[in-house]
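So you can see what is in the structure, the chains are spelled out below.
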Amino acid sequence: MSEPEVSEPEVIVRRARAEDVPGIVVSSSLLFAEDGGERDPSLNVDWPRLHGAETFTAALQDPGRLLLAAVRDGEVVGHLSGAMSGPTAMRPVASATLMALYVRPEHRRARVGARLVDTFLAWARERGAAHAEVTASAGNADGIRFYEREEFRPQAVTLRLNL
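Everything numeric here is computed off the predicted structure, so don't read it as measured data.

Participant: What is the right way to look at unusual backbone geometry in this model?
Facilitator: The omega angle of the peptide bond from G86 to P87 is 0°, so this bond is cis rather than trans. By the secondary structure assignment, P87 is in the loop between β3 (75-85) and β4 (94-103). Positive phi, close to 65°, is recorded for R111, a residue that is not glycine. Residue placement: R111 occurs in the loop between β4 and α3 (112-126). Look at R111 and you get partly exposed, because its relative accessible area is 48%. Of note in this structure, E151 is not a glycine but carries a positive phi near 80°. Tracing the backbone through its elements, the reader meets E151 in the segment after α4 (141-149). When its relative accessible area of 66% is taken as the criterion, E151 is described as exposed.

Participant: How should the nonpolar core be read in this particular structure?
Facilitator: Within soluble globular proteins, side chains that are nonpolar tend to cluster in buried spots. Within the largest apolar cluster, 22 residues are counted, with the highest numbers of intra-cluster contacts made by A70, L80, L98, L101, L116, V117 and F120. Those elements that provide at least two residues to this core are β1 (11-15), β2 (65-72), β3, β4, α3 and α4. Sorting elements by how many residues they give to this core places α3 first, with 7 residues. Counting residues in hydrophobic clusters, the runner-up holds 9 residues, among them V21, I24, V25 and F56.

Participant: Even after reading the chapter, I still don't get the pattern of salt bridges, so can you show me in this structure?
Facilitator: When their charged atoms lie close together, side chains carrying opposite charge are able to pair. The final tally for this structure, using the stated rule, is 10 salt bridges. Among the salt bridges present, the one from R160 reaches D40, with a minimum N-O distance of 3.0 Å. With R160 in the segment after α4 and D40 in the loop between α1 (21-36) and α2 (47-61), this residue pair connects regions lying 120 residues apart in the sequence. Close ionic contact of R145 with D142 constitutes a salt bridge, the shortest N to O distance being 2.3 Å. On the criterion of helical spacing, the pair formed by R145 and D142 is a turn pair, its members being 3 residues apart in helix α4.

What counts, and at which threshold
Residues numbered from 1 in each chain as written. Predicted model: local features only at pLDDT ≥ 70, side-chain atom pairs only at ≥ 80, totals over all residues. Heavy atoms only, no water. Helix = DSSP H or I, 4+ residues; strand = E, 2+ residues; numbered from the N terminus. Buried < 20%, exposed > 50% of the residue type's maximum accessible area, 1.4 Å probe, protein only. Core = buried A, V, L, I, M, F, W, Y, C linked by side-chain atoms within 4.5 Å. Salt bridge = Lys/Arg side-chain N within 4 Å of Asp/Glu carboxyl O.

By themselves these figures say nothing about function.
So, in structure tokens, the structure goes:
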């Protein structure tokens, strides 16, 4: 008689809840450590620890913000933060900005990031966004390839001179 197959718990992508905030703070801290410190020395890598809980809790109540959690077996293994802006007199369309996305390395090849982005884009469309945008560090080749696979295309280039 063979052993029954034991399947891995599935990663669930859903709107974040208050109980997810501590895990999202950890996820955001991992993002800042991995992506921020080396690629942008002006970034405060302590921001998630110092301000994340308050900011993410506020986002849960803001209809112009989206906070998603990728949860596996009760643990946050990734997150996405997004926001709507506009229309304005200068730019008369609504825009959705993907502000932050992180998936723990052991879950990156399982389409968790793509599912987070798909959920964000559906949310943006429902709110009438004419486009969605994301900023990636020029040194983050893996991140840029990921966003290009998700059909984001370059729109502008930011040039910086550190003084």
